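Results of the structural survey
Here are the chains, one letter per residue:
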Amino acid sequence: MVWQTMCNASNIPNESRDCFFVWVIGRQIQLLLNADDNIIDVFQKWEDVEQEYLGARQSHVRFVFRQSYGNTLAQELKFFDKASVGIFYRDSVFHYLSGHFVLSEDSYAYISAIITQLNHGDWHQDFNYMAILPIIAPFHAIQNRKPSTLVSKIADNHHLLKGKKINERKIQLKLLEVLREQKSYGSTFFRAEDELKNRRTALWQQGQFGSCILGINKYGLHFTDVVIEKCESYRHEQIVQWAFHHPQHIWFEMEQEGEERNCEIIYKSKFASLIVAYMQELSPKWEVTREDFFVESD
């Protein structure tokens, strides 16, 4: 069994193994393997998967051992061994650099300094942060503020880590401590486009809301606009109803705290069927059949 083999190879303790699964990853698609999936079959059929979701065959497949989308934070906090923390850390850095979190400028600087320390070593006077900025900070964090200001704060944080002999696991936990405060932590993320015209209540009344990062985890749904750096989160209990319009549209109606009217949104995504699979597992009782909601013609 591949899962068992990877657990053994990664030295994952028996008690924490249920937190991790085998994922198959391409350039734009990441899929959680089922227990009965055959690795050889997945590898051979990957081009067909990319053709289905992307309309093109773009990349080779690789298999990665990483945390499950179904983890709860309470489960994770039970495990502090080096192997488990290492996987949580690598996953979190991947999502951080992919722009899946909206943080304060100080938090961007702190996390980027930790990544710099672990990947590039101690601070020194001639350290060229500007040269590595794209690989230690998310694009929107750089784009939406003065890079030199961000670099200065990263350098200050990095300097504080110099020569303190902080072990790798300890500093990884410092990064996780910040990101675990985000409601969207542990989500599976998808790119989506907002397509509902004349919606009753927009998520945001400012910015040009269109492209969105949609995150799904045990907490609920998370809609992130990195242009204006804002994230709105809704618990599964706030979902009034949702529906799937084949092949790429999903409609959500959600209660808004402190508001009389519900928020109604339609998203278009190449990965709609994958989003639906998560929704059917995490929010099954709110699924409805609805063909009358507005869908913009292609």
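Residues numbered from 1 in each chain as written. Predicted model: local features only at pLDDT ≥ 70, side-chain atom pairs only at ≥ 80, totals over all residues. Heavy atoms only, no water.

Burial within strand β1 (residues 20-25) is extensive, with five of its six residues counted as buried. Bridge count between β1 and strand β3 (residues 62-67): six bridges; the pairing is antiparallel. Counted as the bridge partner of tryptophan 23 is valine 64 from β3. (Buried < 20%, exposed > 50% of the residue type's maximum accessible area, 1.4 Å probe, protein only. Helix = DSSP H or I, 4+ residues; strand = E, 2+ residues; numbered from the N terminus. Pairing = 2+ DSSP bridges.)

Turning our attention to unusual backbone geometry. Located in the positive-phi region is glutamate 229, a residue other than glycine, with phi close to 50°. Turning to its location among the elements, glutamate 229 is positioned in the loop between β6 (220-225) and β7 (230-235).

Let us look at the packing of aromatic side chains. In this structure the tally under the stated criterion is nine aromatic pairs. Among the aromatic residues, those joined into a ring-pair cluster are Phe223, Tyr234, Phe252 and Tyr267. (Phe/Tyr/Trp six-rings, centres within 6.5 Å; stacked < 30°, edge-to-face > 60°.)

Where helix α4 (residues 82-97) meets helix α9 (residues 168-179), the closest approach of the two axes is 9 Å, and the angle between their N-to-C directions is 50°. Relative to α9, the element α4 is oriented oblique. Pair α4 / α9 crosses with left-handed handedness. Facing α4, whose interface residues are Lys82, Val85, Gly86, Phe88, Tyr89, Ser92, Val93 and Tyr96, α9 presents Glu168, Arg169, Gln172, Leu173, Leu175, Leu176 and Leu179. Looking at the contact of α4 with α9 residue by residue, the classes come out as nine nonpolar, three polar and three charged. (Axes fitted to C-alpha atoms, helices over the stretch in contact; angles between N-to-C directions. Parallel < 35°, antiparallel > 145°, perpendicular 65-115°, else oblique. Left-handed = near helix turned anticlockwise from the far one by under 90°. Contact = heavy atoms within 4.5 Å. Nonpolar A, V, L, I, M, F, W, Y, C, P; charged D, E, K, R; others polar.)

Next up on the list: α9. Between its first and last C-alpha, α9 extends 17 Å over 12 residues, near the 16 Å set by a 1.5 Å rise per residue. Of all the residues in α9, the buried ones are Ile171, Gln172, Leu173, Leu175, Leu176, Val178 and Leu179. Elements in contact with the buried residues of α9: α4, α5 (105-120) and α8 (147-161). (Expected span 1.5 Å × (residues − 1).)

So, on to the pairing of β6. Side chains on a regular strand alternate between the two faces of the sheet. Of all six residues making up β6, six are buried, and the element is well covered by its neighbours. Two elements, strand β5 (residues 211-216) and β6, share four bridges in a ladder whose sense is antiparallel. Bridging across to β6, glycine 215 finds its partner in histidine 222. In terms of strand pairing, β6 meets β7 through six bridges, oriented antiparallel. Directly across from phenylalanine 223, in β7, lies its bridge partner glutamate 232.

This paragraph deals with α5. Taking 1.5 Å of rise per residue, the 16 residues of α5 would be expected to cover 22 Å, and the 21 Å separating its terminal C-alpha atoms lies within 8% of that figure. Immediately beyond the C-terminal end of α5, within one or two residues, lies glycine 121, with a positive phi of roughly 90°.

With that out of the way, let us pick up the environment of glycine 70. Take glycine 70: it is sitting in the loop between β3 and α3 (73-76). It is 9.9 Å that separates the C-alpha atoms of glycine 70 and aspartate 18, two residues lying 52 residues apart in sequence. Filtering out sequence-adjacent residues up to four positions away, glycine 70 remains in contact with Gln75 and Lys218.

Spatial ordering of the open sheet is given by β7-β6-β5-β4-β10-β9-β8, a layout of seven strands whose pairing is antiparallel. The open sheet has two edge strands, β7 and β8 (239-245), and neither has a second partner. Here the average twist between neighbouring strands, direction ignored, is 30°. Set on the sheet, helix α10 (residues 272-282) makes contact with β4 (188-194), β5, β6, β8 and β9 (249-254); between it and β8 the angle comes to about 145°.

Attention now moves to the nonpolar core. Ile29, Ile216, Leu221, Phe223 and Phe252 are the most contacted members of the largest nonpolar core, which totals 82 residues. Those residues in contact with isoleucine 216 that sit more than four places away from it in its chain are Ser187, Thr188, Phe190, Leu221, His222, Ile275, Tyr278, Met279 and Leu282. (Core = buried A, V, L, I, M, F, W, Y, C linked by side-chain atoms within 4.5 Å.)

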